[in-house]
Structure formats: structure tokens, C-alpha cells
Amino acid sequence: MAILDILTFPDPRLRTIAEPVETFDESIQTLVKDMIETMYDANGVGLAATQVNVHKRVVVIDTSDERDQPMVFINPTIEVKEGNQAPYDEGCLSVPGFYEEVERPENIIVRAQNEKGESFELQPDGLLAVCIQHELDHLNGKLFVDYLSAMKRNRIRKKLEKAQRLKV
Ligand code: GNR
Ligand code: NI
């Protein structure tokens, strides 16, 4: 197992559109295991492969308090049902230290495959519904800061660029 490095906004690699997974071989099982370990190590609720610079449509999520119920979503799709948008104070491991309210559809159906390639469907609510939409955005090169005003996004970008400069 391995803990992977997480890319930070505004790294242009976070804008890559991930490719569908076609073969569910050992390399996918290893990627899933490493992503789960990385998510737990970073105390994240979810992680998309894009964030660890692997551009495949793989997401892991664990919204449980005990951090012992990892879920795997490969090639996920979302169908938006009739209903409301709800605001949620979102954070992102690729935008460390910043939390902002984002509105997203509340009623969705998620279809995906597990690490064995078996298809499943679920109707999530609460944080899981928010998180799966946040992760699918990552696979499409999108970040929660894209929903904010340009002024807020630029302020966050400048602060993170400065923090990166101090690190390297
Ligand atoms: O850890 C995370 N918490 C979170 C909180 C509110 C909405 C979305 C998230 S996902 C985030 C982990 C992450 O960056 N996943 O891509
Ligand atoms: Ni994120």
C-alpha cells in the first residue's frame, strides 16, 4: 500500500478529464487500495483519482464517522431528479484550508461500477450526495472553487500559490 501525493489548486493537472476504466485488473485494485489509504491519511471524506494525478474515472468515498466503510465508484454517472438545490459548506483536499458554500442538486441517482466491474445504483442523500457530485467534478477537471465568484477564487489561488512557494 502507498500514500499518494495530492495535487493542489491551481495545478493545471487538476483540469485533466479522466478516462473511463475498461479493464478491472490488478492495477485498478492497487489504485483503489492506495486511494483509500491516502483518503484516510488526509482525513478526507472522498478522493478522486485526478487528485493523485491518475487520470482514470475512479472515486473513493467514506462518509462514516468510524472511517471504516469505504465505497468505490468507478465510471460513475449522475442522474439529477426533480427537486431542490441545497447549499453545503464544501472543502477539498486539493484546496486545503478553504471552505465555501456550494449549491448542488439534492436528489440524484448515482450509477457506477465497483472494483470488480460490477454495476450498482444508489440514491444518496446528505453529505454522500454532495461528495459524489464533488468527486465527479474532479474527474471532469472541475473544482468547487469554479462555483465561486472570480474574486473569491483568485483570492484562494493567490494564497495557495504563496503557500506552495514557501514549501518548495
Ligand atoms: O474531505 C472532503 N470533505 C468534503 C466536505 C464537503 C464537501 C465535499 C467534500 S470532499 C473532500 C475531499 C475531497 O477533496 N474530495 O475530492
Ligand atoms: Ni475535492
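Here the residue index of a chain counts from 1 through its sequence in written order. Labels are handed out in written order, letters beginning with A for the chains and numbers beginning with 1 for the ligands. Only residues with pLDDT of at least 70 are given local features in this predicted model, and only at 80 or more are side-chain atom pairs given and counted; all residues enter the totals for whole chains, interfaces and linings. For side-chain calculations, the full set of non-hydrogen atoms in the structure is used, while hydrogens and water are omitted.

Draft legend 1. Region of the structure containing the layout of surface pockets. A pocket, in this scheme, is an open set of points on a 1 Å grid over the protein atoms alone with protein on both sides within 12 Å along at least 5 of 7 lines, while a cavity is a set where a 1.4 Å probe fits but cannot get out; residues line either one if an atom lies within 4 Å of a point. Grid points are joined across faces, edges and corners, and a volume is the space filled by probe spheres set on the points. As a volume, the largest pocket reaches approximately 400 Å³. What lines the largest pocket is a set of 23 residues, and nearest its centre among them are Val-45, Glu-90, Gly-91, Cys-92 and Tyr-99. Secondary structure elements are taken from DSSP: a helix is a run of H or I of four residues or more, a strand is a run of E of two residues or more, and numbering for both begins at the N terminus. At the level of secondary structure, the elements contributing two or more residues to the lining of the largest pocket comprise strand S4 (85–90) and helix H2 (126–139). Classifying every residue of the lining of the largest pocket by side-chain character gives twelve nonpolar, eight polar and three charged. Lys, Arg, Asp and Glu make up the charged group, whereas Ala, Val, Leu, Ile, Met, Phe, Trp, Tyr, Cys and Pro make up the nonpolar group; the residues left over, Gly among them, are polar.

Draft legend 2. Main features of the coordination of the nickel ion (ligand 2). Around the nickel ion (ligand 2), the protein contributes the donor atoms Cys-92 (SG), His-134 (NE2) and His-138 (NE2), at 2.1 to 2.3 Å from the metal centre. Listed donors are limited to N, O and S atoms within 2.8 Å of the metal, widened to 3.2 Å for Na, K and Ca; water is not among them, so incomplete-looking sites are possible. Sequence positions of the residues that donate to the nickel ion (ligand 2) give the spacing C-x41-H-x3-H. Within this pair, whereas Cys-92 is found in the loop between S4 and strand S5 (100–105), its partner His-138 is found in helix H2, the two being separated by 46 residues in sequence.

Draft legend 3. A look at the pattern of salt bridges. Here, a salt bridge means any side-chain nitrogen of Lys or Arg that lies within 4 Å of a carboxyl oxygen of Asp or Glu. This model, assessed by the stated rule, comprises nine salt bridges. Two residues, Glu-121 and Arg-111, come together in a salt bridge whose shortest N-O distance is 2.9 Å. One end of the pair, Glu-121, is in strand S7 (residues 119–122); the other, Arg-111, is in strand S6 (residues 108–113), and ten residues separate them in sequence. Between Arg-157 and Glu-161 there is a salt bridge whose closest N-O contact spans 3.3 Å. In this pair, Arg-157 and Glu-161 both sit in helix H3 (residues 150–167), four residues apart, roughly one turn of the helix. Here the residues in one salt-bridge network are Glu-79, Lys-81, Arg-111 and Glu-121, joined through shared partners.

Draft legend 4. Molecular detail of the site of ligand 1. Around ligand 1, the surrounding shell holds 14 residues, and the nearest of these are Val-45, Gln-51, Leu-93, Glu-135 and His-138. Polar contacts, as counted here, are pairs of nitrogen or oxygen atoms within 3.5 Å of one another; within protein the pair requires one atom able to donate a hydrogen and one able to accept it, and residues that are adjacent in sequence qualify only if both atoms are side-chain atoms. In this structure, an oxygen atom belonging to ligand 1 sits 2.9 Å away from a main-chain N or O atom of Val-45. Note that an oxygen atom of ligand 1 is positioned 2.8 Å from one of the backbone N or O atoms of Leu-93. To be counted as sitting in a cavity or pocket, a molecule needs more than half of its atoms within 2 Å of that site's grid points. The cavity where ligand 1 resides is the largest pocket. Within the residue set of the shell around ligand 1, elements represented by two or more residues are S4 and H2. Considering each element in turn, the shell around ligand 1 owes the most residues, four residues, to H2. Looking at the shell around ligand 1 residue by residue, the classes come out as five nonpolar, six polar and three charged. A molecule or strand has a residue near it when one of that residue's heavy atoms lies within 4 Å.

That is the geometry; function is a separate question.
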